[in-house]
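Structural features, examined
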Amino acid sequence: MEADIKGLQRKVVASGVRPLRSIHGDTGIPLSGGRTLPWRVWRRWNAPAGYYTEAWYLIDPQTREVLAERERPAVHIWGLQSLTELVDDVTEPLALLPGSYTIVFALGGVRGGELSVATAEVAAAGAA
């Protein structure tokens, strides 16, 4: 059996989104009054070693509109023998409706994976 070494070999092998405050749950993006509360996006890349521009995009899956994005101009990826974990905390509120969205991950301009994420209103007592 031979290894498949065709293509760009850039992929996200694990990812997730969760509120920064555990009172808001352990997965998804929390909302209060239709605005996001602080949340975290994490992903583990497997790609050839080097420096890349890395980005993720929060997309409305119905319209394909990009609602939010983050870009890092130069991240160091350790290489195919290991995983490189990247984490972003999103603290600026964003207007969103409760529902399902998609996060698309890209490394060096190449799509490496995507993740479905839900948004939901949280209890008023835990929103602050």
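One structure accompanies this document, and this report is about it. (Residues numbered from 1 in each chain as written. Predicted model: local features only at pLDDT ≥ 70, side-chain atom pairs only at ≥ 80, totals over all residues. Heavy atoms only, no water.)

Quick notes on the overall build of the protein chain
Helices and strands together make up the secondary structure of the protein chain, namely zero helices and nine strands. The N-to-C order of helical and strand elements in the protein chain reads β-β-β-β-β-β-β-β-β. With the C-alpha coordinates aligned to their principal axes, the bounding extent of the protein chain is approximately 55 × 30 × 30 Å. Counting only residues that meet the buried cut, the protein chain has 38% of its 128 residues in that class. For the protein chain, the share of sequence-separated contacts (at least 6 apart) that also reach a separation of at least 24 residues comes to 64%. In the form shown here, the protein chain has an accessible surface area of approximately 7,400 Å², with 53% of it arising from carbon and sulfur atoms. The distance from the centre of the 13 positive side-chain charges to the centre of the 14 negative ones in the protein chain is 3 Å. (Helix = DSSP H or I, 4+ residues; strand = E, 2+ residues; numbered from the N terminus. Buried < 20%, exposed > 50% of the residue type's maximum accessible area, 1.4 Å probe, protein only. Contact = heavy atoms within 4.5 Å. Areas by Shrake-Rupley, 256 points an atom, 1.4 Å probe, with all protein chains shown as cover. Lys, Arg positive; Asp, Glu negative; His and termini not counted. Charge placed at Lys NZ, Arg CZ, Asp CG, Glu CD.)

Observations regarding the sheet that holds strand 6 (residues 66–77)
Strand pairing in a sheet relies on backbone hydrogen bonds, with the paired strands running either antiparallel or parallel. Spatially, six strands are ordered 3-2-9-8-5-6 in an open sheet, and the strand pairing comes out mixed. Each edge of the open sheet is held by one strand with a lone partner, namely strand 3 (35–36) and strand 6. Bridge count between strand 5 (residues 50–59) and strand 6: nine bridges; the pairing is antiparallel. Each residue of the ladder has a partner; that of leucine 58, found in strand 6, is alanine 68. (Pairing = 2+ DSSP bridges.)

Observations regarding the sheet that holds strand 7 (residues 84–90)
Ordered by their spatial adjacency, three strands build an open sheet running 1-4-7, and the pairing between neighbours is antiparallel. Looking at which strands have only one partner, the edges of the open sheet turn out to be strand 1 (11–19) and strand 7. Neighbour to neighbour, the strand axes of the sheet diverge by 15° on average, direction disregarded. Bridge count for strand 4 (residues 39–46) against strand 7 is seven bridges, and the pairing is antiparallel. Within strand 7, the position partnered with arginine 40 by the bridge is aspartate 89. (Axes fitted to C-alpha atoms, helices over the stretch in contact; angles between N-to-C directions.)

Examining the pairing of strand 8 (residues 99–107)
The side chains of a regular strand alternate between the sheet's two faces. Across the nine residues that make up strand 8, a large majority, seven, are buried. Pairing analysis gives six bridges linking strand 5 to strand 8, with the strands arranged antiparallel. Considered in strand 8, the bridge of tryptophan 56 is made with phenylalanine 105. Taken together, the nine bridges between strand 8 and strand 9 (residues 110–121) define a ladder with antiparallel strand orientation. Residue isoleucine 103 lies in a different strand from strand 9, and its bridge partner there is leucine 115.

Concerning the side chain of threonine 36
Looking at where threonine 36 falls in the secondary structure, it is placed in strand 3. One polar contact links the side chain of threonine 36 to the main-chain amide nitrogen of leucine 94, over a distance of 2.8 Å. Excluding anything up to four places from it in sequence, threonine 36 contacts Ile29, Pro30, Leu31, Glu92, Pro93, Leu94 and Leu96. (Polar contact = N/O pair within 3.5 Å; in protein donor to acceptor, adjacent residues only side chain to side chain.)

Overview of the nonpolar core
Ranked by internal contacts, the top residues of the largest apolar core, which has 23 residues, are Val17, Trp39, Trp56, Leu58, Ile103 and Phe105. Secondary-structure elements contributing two or more residues to this core are strand 1, strand 2 (29–32), strand 4, strand 5, strand 6, strand 7, strand 8 and strand 9. In terms of residue count, the dominant contributor to this core is strand 8 (four residues). (Core = buried A, V, L, I, M, F, W, Y, C linked by side-chain atoms within 4.5 Å.)

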